[in-house]
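# Descriptive analysis of the structure
Below are the chains, spelled out letter by letter.
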Amino acid sequence: MPLLNILRYPDPRLHKVARPVTIFDARLKQLVADMAETMYDAPGVGLAASQVDVHEQLIIVDISDNQTELRVLINPEITWASSEMQVYDEGCLSVPGVYDGVERPARVKVRALDVDGNTFETTAEGLLAVCIQHEMDHLKGKVFVEYLSPLKRNRIKAKMLKEERELNRDKKRNSDR
């Protein structure tokens, strides 16, 4: 199973809206397996297919300490959200090294499909609720930094672009040797 390339903010592909999954086949199962390997290697607790440049409504989440509780949600939709809000310091594999507080509903109910196309519902709270909402945002073309002030967002964007330039410069130097 190959590790997938995770798009980095501000890559415009992160703003593409994902389409629903309609075919539940071996390709989908392989994508889930590759995404899980990529997420665990990163390391992260959630990954949306949009982050690996596959614009389909598929997210994976595993908030366990030992990477044994992988949750796969296909075509997820929030059917209920609590009026109680909470602020969590969020990070993102597409925005490495950046963490900031985002306010979201404290509890959500979600309806989704599994890899075989079977419908299920789940209720989430705490970190799991945050992760599901965060990853679902990716499917809508939204990155968590868009919840931050324009000043913070612009600083993060500048930082990410600078890191990318430095990374590309280092790659070029190494290839020239």
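You'll find the structure just up there.
Residues numbered from 1 in each chain as written. Predicted model: local features only at pLDDT ≥ 70, side-chain atom pairs only at ≥ 80, totals over all residues. Heavy atoms only, no water.

## Quick look at the sheet that holds strand β6 (residues 107-113)
- The 5 strands are arranged β1-β2-β3-β6-β7 in an open sheet whose pairing can be described as antiparallel. Edge positions in the sheet fall to β1 (46-48) and β7 (119-125), since each of these pairs with one other strand and no more. Taking the axes of each pair of neighbouring strands and ignoring which way they run, one obtains an average angle of 40° across the sheet.
- Bridging between β1 and strand β2 (residues 58-61) involves 3 bridges; their strand directions are antiparallel. Of the residues in β2, the one forming a bridge with A48 is I59.
- On top of the sheet, helix α1 (residues 26-41) reaches β1, β2 and β3 (71-81); it is set at about 40° to β2, its chief contact.
- Its contacts with the sheet put helix α2 (residues 126-139) on β1, β2, β3, β6 and β7, and the angle it makes with β2 is roughly 155°. (Pairing = 2+ DSSP bridges. Helix = DSSP H or I, 4+ residues; strand = E, 2+ residues; numbered from the N terminus. Axes fitted to C-alpha atoms, helices over the stretch in contact; angles between N-to-C directions. Contact = heavy atoms within 4.5 Å.)

## Comments concerning a nonpolar patch on the surface
- A surface patch of nonpolar side chains, amounting to about 200 Å² of accessible area, comprises V45, I63 and L127.
- Inspection of the secondary structure puts V45 in the loop between α1 and β1.
- A relative accessible area of 36% means that V45 is categorised as partly exposed. (Patch = residues over 30% accessible without salt bridge, like charges linked within 9 Å, V, L, I, M, F, W, Y side chains within 5 Å. Areas by Shrake-Rupley, 256 points an atom, 1.4 Å probe, with all protein chains shown as cover. Salt bridge = Lys/Arg side-chain N within 4 Å of Asp/Glu carboxyl O. Buried < 20%, exposed > 50% of the residue type's maximum accessible area, 1.4 Å probe, protein only.)

## Focus: the pairing of β3
- For β2 and β3, the ladder comprises 4 bridges, and the chain directions are antiparallel. Bridge pairing in β3 links L58 to I74.
- As paired strands, β3 and β6 are joined by 5 bridges and run antiparallel to one another. By the bridge assignment, A81 is partnered in β6 with V108.

## Here's the deal with the pattern of salt bridges
- With the rule as written, the count across this model stands at 14 salt bridges.
- Between D53 and R13 there is a salt bridge; the shortest N-O distance is 3.1 Å. Placement of the pair is D53 in the loop between β1 and β2 and R13 in the segment before α1, with a sequence separation of 40 residues.
- The residue K29 makes a salt bridge to D116 at a minimum N-O spacing of 2.9 Å. Of the two residues, K29 sits in helix α1 while D116 sits in the loop between β6 and β7, which places them 87 residues apart along the sequence.
- Residue K29 is classed as partly exposed on the basis of its relative accessible area of 39%.
- Linked through salt bridges whose partners overlap, the residues forming this network are R8, K159 and E163.

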